[in-house]
Amino acid sequence: MDIEEKLAKIGITGKLFKLYMAAVELGEAPVQEVAARAGLARTTAYDVLARLEQEELIRVEERQGRRFIVAEDPVGMLQRLELRRQVLGDLMPQIRSLYNRAKGKPQIRFYEGEEGVRTVLWETLSCQSKVLRGILSMDELIETPGLEEMDSYIAERLKKGIKLQVVRSRHKDTERIWPSTPQDLRELRYAPESITLSVTQYVYDDKVAIISSKRENYGLVIESEDFARLQTALFETLWSLSAPAEEPPPRAAARRRKGA
C-alpha cells in the first residue's frame, strides 16, 4: 500500500492529497508555486489549502503582500489523530447512550473473563450524573479485578469527582478497607444480615453494570432508561433498609486506606 492509499484512509484524498504532498515536498513556497506543483489552478487551490490549514497540516503566512504556504511537521498529524481517538473514546459512552435512546431500544453488552470485568468496572467512570449507586461484593472484587486495580479505579473516581453510595454485606467484608468517608466521596451502608450480596452492581445514568463472581467471571452492561430506573428504585429500597456504617476516626481511616 503506497502513501496515497494510506493517507486516503484518514480522509486526505484527491486534490487534498496533491496539495498536501506539494506543500510537504516544497517545505515552504508561494501559493502559486504549491498549486503549480500539485497541477491545480490557483483559484481552485485556495479552497483546498483552507481545508489543509483547518486540519493544521499547513499554515499560511503573509510576507510582503504575498501568501506563503508552510508545511507543518507531519508528527503533529499523528498527535492530533491520537488526541481525537482519546476524545472519541471518552465521549463514546455518552454518544452511544444518545444513539440508543433515539433508537428506543435497550443495548446489552456482555464481556467474558478478567479483562471483561475490568472493562465494565472502568466504564462506570463515564457516569455523567457524578453519582454511582453500588452493591458491592467485597471478597469477589478483592479477588477479581484485585486490590491494585480497585485502588487505581478509586483514585480515578475521586479525580473525576464521582460520589459512591454503596451497600455491602458485613460478612463479605474480608478486609478493613473502603470505609464510609466524605474525603473518599463514599457513603457506606450494610445490608440486613439476612441478605447476602454476592454480585457487584453499579447503577448510573441510564446504565446498569454487573460484575459477576470469580466463578462465573463476566461483566455485563445494560443500557436501558426503564431498567436503570427500576434498579435505582430497588437500590433505594435496599438503601433504606440498610444500616449506616460508622465513620472511623481519621487515623484509623488512613491506616485502612494504606492497607488497601
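Residues numbered from 1 in each chain as written. Predicted model: local features only at pLDDT ≥ 70, side-chain atom pairs only at ≥ 80, totals over all residues. Heavy atoms only, no water.

Student: Teacher, can you tell me more about helix α4 (residues 42-54) here?
Tutor: Residues that lie three or four places apart on an α-helix share one face, since the helix turns once every 3.6 residues. In this model, α4 (13 residues) spans 18 Å end to end at C-alpha, consistent with the 18 Å of a helix rising 1.5 Å per residue. For α4, every residue scored as buried is listed here: Ala-45, Val-48, Leu-49 and Leu-52. Buried residues in α4 make contact with α2 (14-26), α3 (31-38), β2 (58-63) and β3 (66-71). One or two positions beyond α4, positive phi appears at Glu-56, with a value near 60°. (Helix = DSSP H or I, 4+ residues; strand = E, 2+ residues; numbered from the N terminus. Expected span 1.5 Å × (residues − 1). Buried < 20%, exposed > 50% of the residue type's maximum accessible area, 1.4 Å probe, protein only. Contact = heavy atoms within 4.5 Å.)

Student: Help me understand the packing of α2 against α3, please; the structure alone is not making it clear to me.
Tutor: Relative orientation and spacing of two packed helices are given, respectively, by the angle between their axes and the distance between those axes. Contact pair α2 / α3: the axes reach a minimum separation of 8 Å and the direction vectors enclose 120°. As summarised for this structure, α2 and α3 are arranged oblique, according to the angle between their axes. Along this stretch, α2 crosses α3, giving a crossing that reads as right-handed. Residues Lys-18, Leu-19, Ala-22, Ala-23, Glu-25 and Leu-26 of α2 pack against Glu-33, Val-34, Ala-35, Arg-37 and Ala-38 of α3. (Axes fitted to C-alpha atoms, helices over the stretch in contact; angles between N-to-C directions. Parallel < 35°, antiparallel > 145°, perpendicular 65-115°, else oblique. Left-handed = near helix turned anticlockwise from the far one by under 90°.)

Student: How should unusual backbone geometry be read in this particular structure?
Tutor: Glycine aside, negative phi is the norm for most residues, and most peptide bonds take the trans geometry. In this structure, Pro-145 follows Thr-144 across a cis peptide bond, with omega equal to 15°. Residue position: Pro-145 is located in helix α7 (residues 138-159). Backbone geometry places Leu-185, a non-glycine residue, at a positive phi of 50°. Secondary-structure assignment places Leu-185 in the loop between β6 (163-168) and β7 (186-190). Positioned with a positive phi, Asp-205 is a non-glycine residue whose angle comes to about 50°. Following the sequence through the fold, Asp-205 ends up in the loop between β8 (200-204) and β9 (207-211).

Honestly, that's just the spatial picture; any functional story needs more than this.
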